[in-house]
Every structure is written in structure tokens, then in C-alpha cells.
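# Breakdown of the fold
If you want the building blocks of each chain, they are given just below.
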Amino acid sequence: MDGLLFIVAWRTIFLYLLILVIFRVMGKREVGELSLMDLVIFVMIAEVASFAIDNPERKLFESILPMILLLLIQLGTSYWSLKSKKVRDLIDGDPSVIIRSGEIIESEMRTPRYNLDDLFQQLREQQIGSIQDVAYAFLEPSGNLSVFKIGEDHPVLPLIVDGDVQESHLDLIQQDKEWLLEELKKLHIDDPRTVFYCSYEKEKLYVQMRERFKSS
């Protein structure tokens, strides 16, 4: 019996340290900023660790292997997310514009199954007394609501991210892709794929080229 307790205690300490290392390798993120993929990985690692502690007769390697595989999956998806905006949107989701110019956009609330009670609660938490005071309200992938009041600085709207044109953001400023391409040509930029980041701030474009194209 004493030997069994020792095994359970040793595995608990070992797995605790191992999970700390795995989470450190996965990167620092606040709980409220966890993506769906991160949450799934965390839950599965916790379940695998609990099985290893509950069943001391099982070989420890059989429990460590799934945890390492989950780490590799997470690192792989993080790498592709870094390289591709489309992959990031697929994994993490994209913000939804819930309120624009004092009007609630009902169609944007359906996909995330976000209801009016949730909206009003989050507005109250930010001391927003009236929908009419809101210029933009974004439902972030984390579930947080980002609110910008009328008369305040508008949110930064990225029009190009990692070379991908964000047409939904162009709609918000009542422009289209053709307008963006023309504006880029004025800056001697012929291909938006060479742009690392482009935003619309204070009624003008701010453009940052990819590093490999800065000297050209």
C-alpha cells in the first residue's frame, strides 16, 4: 500500500512539472484569450494526466505519449496560424460586428448564438447606457465585447493582414477591394500580397510591407 501511494505521489509531481513545461512551450495566453483549439488541448491533457494518476498500474509512458502528441498538434496548428490568416480564422474565429452606428446587427448574432441578454449584460459591464451611444461593438473570438462610442476614436480596421485583403473591414468603411487596390497603387504597391499589414486610421492608409519586400 505504501508503495502504491509513493507511485501516485511521484506521478502527481512528475505530471505537474511536465504539464507546466508543456504549457510553457505552448506559449503564454490569458484564460480569456484561449482559442477553441487551446481549450480542447488543455482539457485533453488534463484528462490524460488524471488517468495516469488514477491508474498507477498503467505504464507512465503510455500517458506521456498522448500528451506529447497533443503538444505537437498544438505547435503545428500555431505554426500554420502564424503563416496564414485563413487558418487563424478557421481555428480562432473572426470578430463579429454586433453594433454599428447605434444599430444592432441581428444577422451577426445568429452564427455565434449570441443573444440580446448577453449583449445588454456586457454593455452594462462597460457602463454603456444606450445602444445609440455605440459606434461599433465587436464580439471577439474570446467572447469579450469590445465597444467604441460615437465621438471617440474608431477601432483600427486592418484592411490587409499577412497579404490577405479583409473585405469585411472594407465594408465597414464603405469601400471595396478595387478602391483599396487603387489606393495601394498610389503608394507604388501593385500586389497586396507583399503587404504585411495595412490599416485605415484617421481616414488614411497605414501600410507596413513584409520584411523581404521592404528594400524593393
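See the structure printed just above.
Summarised in this report is the structure supplied together with it. As the structure is a computational prediction, the values presented were derived from the model and not from experiment. The residue numbers shown here count from 1 along each chain, following its written sequence. For a predicted model such as this one, the threshold for reporting local features is a pLDDT of at least 70, and the threshold for listing and counting side-chain atom pairs is 80 or more; totals across whole chains, interfaces and linings nevertheless cover every residue. Values reported for side chains reflect all heavy atoms of the structure, with hydrogen atoms and water molecules removed beforehand.

Each helix and strand counted, the chain has 8 helices and 8 strands in total. For a compact globule of 216 residues, the expected C-alpha radius of gyration is about 17 Å, and the chain comes in at 23 Å, more than 25% above that figure. A buried classification covers 35% of the 216 residues belonging to the chain. Residue burial considers only the protein chains on display, and all accessible areas are found by Shrake-Rupley using a 1.4 Å probe. Approximately 14400 Å² of the chain is accessible, and the part contributed by carbon and sulfur atoms is 56%. Distance from the positive charge centre (24 side chains) to the negative charge centre (34 side chains) of the chain: 6 Å. The secondary structure listing takes helices from DSSP runs of H or I that are at least 4 residues long and strands from runs of E that are at least 2 residues long, numbered from the N terminus. In this treatment the radius of gyration is a C-alpha quantity, and the globule benchmark scales as 2.2 Å times the residue count to the 0.38 power. Only protein chains enter the area calculation, which uses a 1.4 Å probe; residues under 20% of their type maximum are buried, those over 50% are exposed, and those in between are partly exposed. Charged-residue counts in this description rest on Lys and Arg as positive and Asp and Glu as negative, His and the chain ends being excluded. Lysine's charge is taken at NZ, arginine's at CZ, aspartate's at CG and glutamate's at CD.

When DSSP finds at least two bridges between two strands, those strands are taken to pair. Bridge count between strand β5 (residues 157–161) and strand β7 (residues 195–201): 4 bridges; the pairing is antiparallel. Bridge pairing in β7 places Ile160 opposite Cys198. When β7 meets strand β8 (residues 204–209), the two strands line up antiparallel, connected through 6 bridges. Within β8, the residue paired with Tyr200 across the bridge is Leu205.

The strand order β6-β5-β7-β8 describes an open sheet built from 4 strands, whose pairing is antiparallel. Looking at strand neighbours, the two that pair on one side only are β6 (164–165) and β8, the edges of this open sheet.

Right, let's get into the side chain of Thr77. Within the element layout of this structure, Thr77 appears in helix α3 (residues 60–83). Overall, Thr77 belongs to the buried group, its relative accessible area being 19%. Identification of polar contacts relies on pairs of N or O atoms within 3.5 Å, with a donor-acceptor requirement for protein atoms, meaning one able to donate a hydrogen and the other able to accept it, and with residues adjacent in sequence counted only if both atoms are side-chain atoms. Within the structure, the side chain of Thr77 is placed 2.9 Å from the backbone oxygen of Gln74, a separation counted as a polar contact.

Our next topic: the nonpolar core. Nine residue types can take part in a nonpolar core, namely buried Ala, Val, Leu, Ile, Met, Phe, Trp, Tyr and Cys, and a core is a set of them joined through side-chain atoms within 4.5 Å. By size, the foremost hydrophobic cluster in this structure holds 20 residues, and its most contacted members are Leu159, Ile160, Leu170, Trp179, Leu180 and Cys198. Those elements that provide at least two residues to this core are β3 (134–139), β5, α7 (167–172), α8 (177–186), β7 and β8. Counting 15 residues, the second largest nonpolar core, distinct from the first, contains Leu18, Met26, Leu60 and Ile64.

Looking now at helix α6 (residues 116–125). Burial in α6 covers these residues: Leu119, Gln122 and Leu123. Taken end-on, α6 shows its buried residues confined to a sector of 105 degrees, consistent with a single buried face. Along α6, exposed side chains directed more than 90 degrees from the buried face belong to Asp117, Arg124 and Glu125. Should any heavy atoms of two residues lie within 4.5 Å, those residues are considered in contact. Of the surrounding secondary structure, the elements contacted by the buried residues of α6 are β1 (96–100), β2 (103–104), β3 and β4 (145–149). For α6, the N-terminal cap is Asn115; the gap from its side-chain oxygen to the backbone nitrogen of Asp117 is 3.1 Å. Directly beyond the C-terminal end of α6, a positive phi value near 55 degrees is found at Gln127. When we speak of the arc, we mean the arc of directions from the helix axis to the C-beta atoms.

The subject of this paragraph is a negative patch on the surface. The patches reported here contain residues having more than 30% relative accessible area and no salt bridge. Joining distances are 9 Å for like charges and 5 Å for nonpolar side chains (Val, Leu, Ile, Met, Phe, Trp, Tyr). When a carboxyl oxygen of Asp or Glu lies within 4 Å of a side-chain nitrogen of Lys or Arg, that pair is called a salt bridge. Side chains of Glu167, Asp171, Asp176, Glu178 and Glu182 sit close together on the surface and give a patch of like negative charge. Elements with a minimum of two residues in the negative patch: α7 and α8. Inspection of the secondary structure assignment puts Glu178 in helix α8. Glu178 gets classed as exposed once you look at its relative accessible area, which sits at 52%.

Here we come to α8. Those residues of α8 that fall on the buried side of the exposure criterion are Trp179, Leu180 and Leu184. Relative to the axis of α8, the buried residues are bounded by an arc of 135 degrees and lie together on one face. Projecting away from the buried face of α8 at angles above 90 degrees are the exposed residues Glu178 and Lys186. Residues of α8 that are buried make contact with β5, β6, α7, β7 and β8. Trailing α8 by a residue or two, His188 shows a phi angle of about 65 degrees, which is positive.

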